[in-house]
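# Observations on the three-dimensional arrangement
Okay, here's what each chain looks like letter by letter:
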Amino acid sequence: MSTEPQPLDDVASRPVLRLMSGRDRRVKAGHPWAFSNEIAMTAAARALPPGTPVRLEGDDGVKHGTWLFNPHSLIAARRLSADPGMVLGAAYFRARLGECMALRDRLVGAPFYRLVHAEADGLPGLVIDRYGDALALQANTAGMDRATPLLVAALRELIDPRVIVARNDSAVRGLEGLKEESGLLHGEDATARVREGGLDFSIDLLSGQKTGWFFDQRDNRAHVAALASGATMLDAFCHTGGFGLLSAQAGARQVTLLDRSEHALALAMETARRHGFGETVSARRGDAMEVMENMIKAGQSFDIVVADPPAFAKARKDHPAAMRGYSRLARLAAQLVAPGGYLFMASCSHHVSPGDFTDAVAQGVARTRRPARLLATTGAGMDHPVHPLLPESAYLKGLLLHLPA
């Protein structure tokens, strides 16, 4: 008989940490982070294990609730609860996850969504994606890493999933002193399907990118598909073919999927054949920008071009190179758009601001000497809420352009 995991700590002995004098303004304003230079880092504080629950107080005695503390991280404390005496056990995590699930069920209406989006859902550093009876969990902070057994128990009680996969292979875990690793937390079969726009997409939760599917692009895929009837299309950096296959479903005449991953393309074509798009959809493997350059030389063009690359800026120092990369990609993509066609480009680099991304794309398109209309600037869907005081968590940026004849 299984037993419920123990709470993260003993509330009675929970350590008290204090904010330094004059450095409590952000926390008092409701910011969910406290940085290491805002906390009195005593020898006792530095000795606490990463992920330890603490009571955070101001030097004026104001109590700021329960936080998860990591003495080795620049973001030293992350807010978990306004209650400094909150018991961080199974009931707490069931309640938090249950509230997240109720919101997504209302927003999306089907069990395919981002179930937890970190700080905006009050679970700092935690990402959970739901694929019906399969779940992918990513714990990017030491606190959520320690809480994983409680999270798994809560998810099994709330959803009774067939499988729960840990996708703890994000580089940001290194900032918390955590290893990058993936594996099964519950169940045995890591394959799954996600239903969107009337299609069932094949995905692999263990070997796909990130958590296996990009729910954040759901609305953007629908915008592009609405333009696709009778069109030819290039879906560059396609992963498992979300943009391209939904456009085929909407009546695209011909779709080319382009990605460097043979496994992702195989899953995409499996989906295409299952839905009868085998003759409409084709796959091309290779480095997207190199292939696009070759397509330009060959005189190819498409009514719609989608370019949704992985993050070009994974750290702040990558910003200049990322700007050059987005500009180059926009130049190549625009040259492949037929007169009167459409270009959709996206960036998932949170180190690149919306304004900087728009500038880079505009400069790249301008180098082709083609006129362009910006039809829409977009972001992630509503199942990816943003904490109002963490605008940097609004990482996804999309631009839909029309290139007149």
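Criteria and cut-off values
Residues numbered from 1 in each chain as written. Predicted model: local features only at pLDDT ≥ 70, side-chain atom pairs only at ≥ 80, totals over all residues. Heavy atoms only, no water. UniProt positions renumbered as here; feature names shortened; annotations may be inferred. Helix = DSSP H or I, 4+ residues; strand = E, 2+ residues; numbered from the N terminus. Buried < 20%, exposed > 50% of the residue type's maximum accessible area, 1.4 Å probe, protein only. Arc of directions from axis to C-beta. Salt bridge = Lys/Arg side-chain N within 4 Å of Asp/Glu carboxyl O. Phe/Tyr/Trp six-rings, centres within 6.5 Å; stacked < 30°, edge-to-face > 60°. Pairing = 2+ DSSP bridges. Core = buried A, V, L, I, M, F, W, Y, C linked by side-chain atoms within 4.5 Å. Contact = heavy atoms within 4.5 Å.

Looking at an unreviewed UniProt entry, the chain carries the name Class I SAM-dependent rRNA methyltransferase, with the source organism given as Roseomonas marmotae. Here the chain is described in UniProt, under the heading Sequence similarities (unreviewed entry), as follows: "Belongs to the methyltransferase superfamily. RlmI family." Recorded in UniProt under Subcellular location (unreviewed entry), the annotation for the chain is "Cytoplasm".

## Overview of the UniProt feature "domain: RlmI-like PUA" (unreviewed entry) in the chain
Per the UniProt record, "domain: RlmI-like PUA" (unreviewed entry) is found at residues 17–81. Helix makes up 12% of residues 17–81 and strand makes up 38%, while its end C-alpha atoms are separated by 15 Å.

## Focus on the environment of V172
Tracing the backbone shows V172 in the loop between β9 (163–168) and β10 (181–186). For V172, a relative accessible area of 38% translates into the label partly exposed. Taking C-alpha positions, V172 is 9.2 Å from K314, a pair spaced 142 residues apart along the chain.

## Here's the deal with unusual backbone geometry
Notably, H239 is not glycine yet its phi reads approximately 55 degrees, a positive angle. Here H239 is to be found in the loop between β13 (232–236) and α7 (242–249). Relative accessible area serves as the criterion here: at 5%, H239 is assigned to the buried category. Located in the positive-phi region is R369, a residue other than glycine, with phi close to 60 degrees. Structurally, the position occupied by R369 is in the loop between α11 (354–366) and β18 (373–378).

## Observations regarding helix α6 (residues 218–225)
Looking only at α6, the buried set comprises R218, N220, R221, V224 and A225. Seen along its axis, α6 keeps its buried residues to an arc of 165 degrees; they face one direction.

## A few points about the pattern of salt bridges
The full count for this structure, using the stated rule, is 25 salt bridges. R260 is the partner of D287 in a salt bridge, and the nearest nitrogen-oxygen pair spans 3.8 Å. Within this pair, whereas D287 is found in the loop between β15 (281–285) and α9 (288–297), its partner R260 is found in the loop between β14 (254–259) and α8 (262–274), the two being separated by 27 residues in sequence. The class of D287 is partly exposed, set by a relative accessible area of 27%. The network of salt bridges with common partners includes E4, R94 and E157.

## Here we look at the packing of aromatic side chains
A complete count under the given rule lists seven aromatic pairs for this structure. A ring pair is formed by Y92 and F93, whose centres lie 5.1 Å apart and whose planes are at 85 degrees; its orientation type is edge-to-face. No difference in accessibility class separates Y92 from F93, as the two residues are buried. Considering the side-chain rings of F312 and Y326, the 4.5 Å spacing of their centres and the 25 degrees angle between planes classify their relative orientation as stacked.

## Quick notes on the pairing of strand β6 (residues 112–117)
Burial analysis of β6 places six of its six residues in the buried class, which makes it a mostly covered element. Two elements, β6 and strand β7 (residues 126–131), share five bridges in a ladder whose sense is antiparallel. Bridge pairing in β7 links V116 to I128.

## Points about the nonpolar core
Core analysis: the biggest nonpolar cluster contains 42 residues, and Y131, V194, L205, L257 and V281 have the highest contact counts within it. Setting aside anything within four residues of it in sequence, one finds L205 in contact with Y131, A134, L135, V165, R167, A190, A192 and T211. Listed in part, the 33 residues of the second largest apolar core include F302, Y326, V352 and A360.

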